[in-house]
Amino acid sequence: MNKKGDHYAFEEIIFVVLNIIYFFMLIFFVIRASSGAYISEQFYAKQIGLLVDGAKPGTLLSVDVTKPYNTAEKNNMDKGNIFRIINSKLIVQMSGSRAYQYQIFNDVDVKIAPAYRIVNEGNGNEVFLDIYIGEKNV
Amino acid sequence: MYKKGDLLTIWWFGVLAIVGLGIVLGTVIFYSGSVDTRKVESEIMADKIIKCLNQSVESINFINDGFDIYSECLISKNVFEQSSLFFVRINLVSGDLNQGPYKFGNNALEKDCEVGENVNAKYFPDCTQENIDIYAKNGNKISVNVLAVSNNKGGAYSNDGL
């Protein structure tokens, strides 16, 4: 009788443990997906890309990048590599796994400031990225 | 009272698989959404070209005279000729003189644009058409029609290609 009871209890324990592991895996997946950088990367790439496309030489753009800065910091990303311009493409990368690109058609010289401008506000820091739009050297 | 083997059945694993698949699919669909900026981009492009042509009003035969729209309007020639994401068509009418259409970029997008205007087509490019009358110093009126098309959706970055 005891042996049979032990067997049932063992099966129950395995059943509960498997369920807990499985549902934790699902929760972990959803949390990772929701804090993922993909949507933010796309949003900032397109927002900054359109600003650059519409800008004239001599313009200084200052964009609030607090969210991507914090996300990159959380993902241990080199913050100097979050925003890059390669072959007229604006690349935004907030995690090590992938990056998002957006094509720019404006034929200008885009200079991204090497350092972020951090402004101390009452409820935390705000991070700004300065982008200088200059004339392209022919 | 359950019997041995009632809990860990194939049906239970089936239920787990269905629930898991539902959650994974829902999450992936929700977070892979796309922000479509092609219409805004085509508007920016059309505005840019209109402003640029307005400044070049004195050279009415500008395109025939070797006017380089890429350098004058600050549009990247490489991007237009290699990426196939953009298209611009310019028509100029001055009195009886009809110039154009002058086309730049991926010509296939012009047709796609016409089709996309009539049907709700998600994968067709977005287009902006702008008309403006500009006046030369001698009083000549030049009617300018610009069609700007963008199919720039952005995407995952890879090192290859343009």
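A quick note: this is a predicted structure, and the numbers were derived from the prediction, not measured.

> Can you walk me through the sheet that holds strand S4 (residues 141–150) of chain B in this structure?
Hydrogen bonds between backbone groups are what pair the strands of a sheet, and the pairing can be parallel or antiparallel. All names here are of chain B. Read from one edge to the other, the open sheet built from four strands follows the order S2-S1-S4-S3, with strand pairing classed as antiparallel. If you trace the sheet from one side to the other, it starts and ends with strand S2 (97–105) and strand S3 (126–135), each paired once. Averaged over all pairs of adjacent strands, the angle between their axes in this sheet comes to 10°, without regard to strand direction. Looking at chain direction, S3 and S4 are connected through ten bridges and run antiparallel. The residue bridging Thr128 from the neighbouring strand is Ala148, located in S4. Against the sheet, helix H2 (residues 38–55) contacts strand S1 (86–94), S3 and S4, and its axis sits at roughly 150° relative to S4.

> I'm lost on the domain arrangement of chain A in this one. Help?
It is common to give the size of an interface as the accessible area that goes away when the parts come together. For chain A, the domain assignment lists domain 1 (1–34) and domain 2 (38–134). A C-alpha centroid distance of 44 Å is found between domain 1 of chain A and domain 2 of chain A.

> Teacher, can you tell me more about unusual backbone geometry here?
Across the chain, the bulk of peptide bonds are trans and the bulk of non-glycine residues have phi less than zero. Residue and element names in this part refer to chain A. In this model, Asn87 sits at a positive phi of 50°, which is unusual for a non-glycine residue. Among the structural elements, Asn87 can be located in the loop between strand S2 (83–86) and strand S3 (89–92). According to the C-beta neighbour criterion, Asn87 is partly exposed, with 16 such atoms within 10 Å. Within the chain, Ser88 stands out as a residue other than glycine whose phi angle is a positive 60°.

About the cut-offs
Residues numbered from 1 in each chain as written. Chains lettered and ligands numbered in written order. Predicted model: local features only at pLDDT ≥ 70, side-chain atom pairs only at ≥ 80, totals over all residues. Pairing = 2+ DSSP bridges. Helix = DSSP H or I, 4+ residues; strand = E, 2+ residues; numbered from the N terminus. Axes fitted to C-alpha atoms, helices over the stretch in contact; angles between N-to-C directions. Contact = placed C-beta atoms within 7 Å. Domains from an automatic or database assignment. Buried ≥ 20, exposed ≤ 12 C-beta atoms within 10 Å, placed from the backbone.

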